[in-house]
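# Close look at the chain arrangement
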Amino acid sequence: MRIIGCQENLKRQESYSIQENGKQQDSITGQGEIQYNQYSLNGKERILYFVKGSGIVVILAYLFYHTFWAIPFLTPILFAYFQERKISLNKKRLFDLNIQFKDAILAVSASLSAGYSIENAFKDARKEMTILYGADSIIVKELQCIEYKLNMNVTLEKAMENFVMRSGQEEILNFTQVLWTAKKSGGDFNKIIQRTAGIIHEKIEIKKEIKILVSAKQLEQKIMNGIPIAIILYINFSNPGFLNGMYGNITGVILMTVCLVIYMTAYYIARKIVDIEI
C-alpha cells in the first residue's frame, strides 16, 4: 500500500534535522503525520461552527441589548467558540485514539499468539483495524505510517517512539516502553506483550466507564447553562415591555453587560468543573 504522506515525512526525517534551543532534533513532523497537540478544523467544520457561533452571537446581541449593532462588539465570543470547539474535538480525537489503539494492540497480541513476529503482527493489525474502523480512521493511518517505516528498515521501537511523541498518550507510552525493554532484555517476549496489552485494555475500559458517568453531569451542565437564556426569552415573549428599562439607555447597557459577563464567567467555570481529565 502506498502511504504518500508518511513517505514524505520519512524522507524529510532522513534528509535533514533542525536546531532548536541548542539541541539537535530530528524533523519528524510533516504533512502525513497527525499532530495531536493541535486540531485544525476542516472546511465543513469551519462552516458549521461559524454558523453556530454566529447564531450564538446574534441571539446574545438581541437578548442582552435588543439591537444588532452589538454584534461587532460580541465577535470575540465567536473566536472563543471556535477555540473551545477545537479543544473539545481534539480531546474527543485523543479519546478515540486510545480506544482504537486498545483494539489494535489486542489484535497484535492475537497475531503474536498465532506465531507472527511483532513487526508482522503490527502489519496484520492494520488490516483488522481497517475492517473494524475503516481506512480513514486514526489508528489505521498510524499503523500505515508504522508499516511504511518498517518497510524502510526503521525499527518498530523508533516508529512507536515517534507515535508517542506526537500523541502524548500514557497508554501508548507504556506499551512502547514495554516493547523497548522486552526486545532489549529478551525473555518470553510474546507473553510480555500480551500481558501488557491486557493491562492497557483494562485501563481504557475503566476510562470508558468514567467517561459515561461524567457525560451525565456534562449534560446537566449544558441544560443549566441554557436556563438563563430561556428565562430572558420567556420574559421577552410573555411580557415584552417588562425589560424595556434595560434597553436603549446607558444604565441598562451597563447592567446587561455586567449580566452577560457574569453569565459567560459562570459558563466557563461550569465547563471547567465538569471537564474532568480521564
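Residues numbered from 1 in each chain as written. Predicted model: local features only at pLDDT ≥ 70, side-chain atom pairs only at ≥ 80, totals over all residues. Heavy atoms only, no water.

### Brief notes about the overall build of the protein
Quick reminder of the rule: In this description a helix means any DSSP run of H or I spanning at least four residues, a strand means any run of E spanning at least two, and both kinds are numbered starting from the N terminus. Buried, partly exposed and exposed residues are distinguished by accessible area as a fraction of the type maximum, computed with a 1.4 Å probe on protein chains only: under 20%, between the cut-offs, and over 50%, respectively. Whether two residues are in contact is decided by their heavy atoms, any of which lying within 4.5 Å being enough. Calculation of accessible area relied on Shrake-Rupley with a 1.4 Å probe; when residues are assessed, cover is drawn exclusively from the protein chains displayed.
Looking only at helices and strands, one finds 9 helices and 2 strands in the protein. If you list the helices and strands of the protein from N to C, you get α-β-β-α-α-α-α-α-α-α-α. Across the 278 residues in the protein, those meeting the buried criterion constitute 38%. For the protein, contacts bridging at least 24 residues in sequence account for 63% of all contacts bridging at least 6. Element-wise, carbon and sulfur atoms account for 61% of the exposed surface of the protein, whose accessible area totals about 16600 Å².

### A word on the nonpolar core
Short version of the rule: Buried Ala, Val, Leu, Ile, Met, Phe, Trp, Tyr and Cys residues form a nonpolar core when they are joined through side-chain atoms within 4.5 Å.
Ranked by internal contacts, the top residues of the largest apolar core, which has 37 residues, are Phe122, Ile146, Met160 and Phe175. With 10 residues, helix 3 (residues 71-113) is the largest single contributor of residues to this core. In this structure, Phe122 is in contact with Val108, Leu143, Ile146, Leu156, Met160 and Phe175, ignoring residues within four places of it in sequence. Counting residues in each nonpolar core, the second largest holds 23 residues, with Leu41, Tyr81, Leu260 and Tyr263 among its members.

### Here we look at the layout of surface pockets
Worth spelling out the cut-off: Here a cavity denotes grid points, spaced 1 Å and computed from the protein atoms alone, that fit a 1.4 Å probe unable to get out, and a pocket denotes an open set having protein on both sides within 12 Å along at least 5 of 7 lines; residues with an atom within 4 Å of a point are the lining. Grid points are joined across faces, edges and corners, and a volume is the space filled by probe spheres set on the points. Each residue receives one of three labels: charged for Asp, Glu, Lys and Arg, nonpolar for Ala, Val, Leu, Ile, Met, Phe, Trp, Tyr, Cys and Pro, and polar for the others, Gly being one of them.
Taken as a whole, the largest pocket holds about 1600 Å³ of empty space. Along the walls of the largest pocket sit 41 residues, with Glu84, Arg85, Ser88, Tyr267 and Arg271 positioned nearest its centre. Among the elements that take part in the lining of the largest pocket, helix 3 stands out by supplying 13 residues, more than any other. Partitioning the lining of the largest pocket into residue classes produces 20 nonpolar, 9 polar and 12 charged.

### A look at the side chain of Gln169
With respect to the element layout, Gln169 can be found in the loop between helix 6 (156-167) and helix 7 (170-185). For Gln169, a relative accessible area of 13% gives the class buried. Setting aside anything within four residues of it in sequence, one finds Gln169 in contact with Leu94, Leu97 and Asn98.

### As for helix 9 (residues 250-274)
Heads up, the condition is: Multiply 1.5 Å by the residue count of a helix minus one, and that product is the helix's expected span.
With 25 residues, helix 9 should cover 36 Å at 1.5 Å per step; its first-to-last C-alpha distance of 36 Å lies within 8% of that length. Every buried residue of helix 9 is accounted for by Gly252, Met256, Leu260, Tyr263, Ala270 and Val274. Those residues of helix 9 hidden inside the fold are in contact with helix 2 (43-65), helix 3 and helix 8 (189-238).

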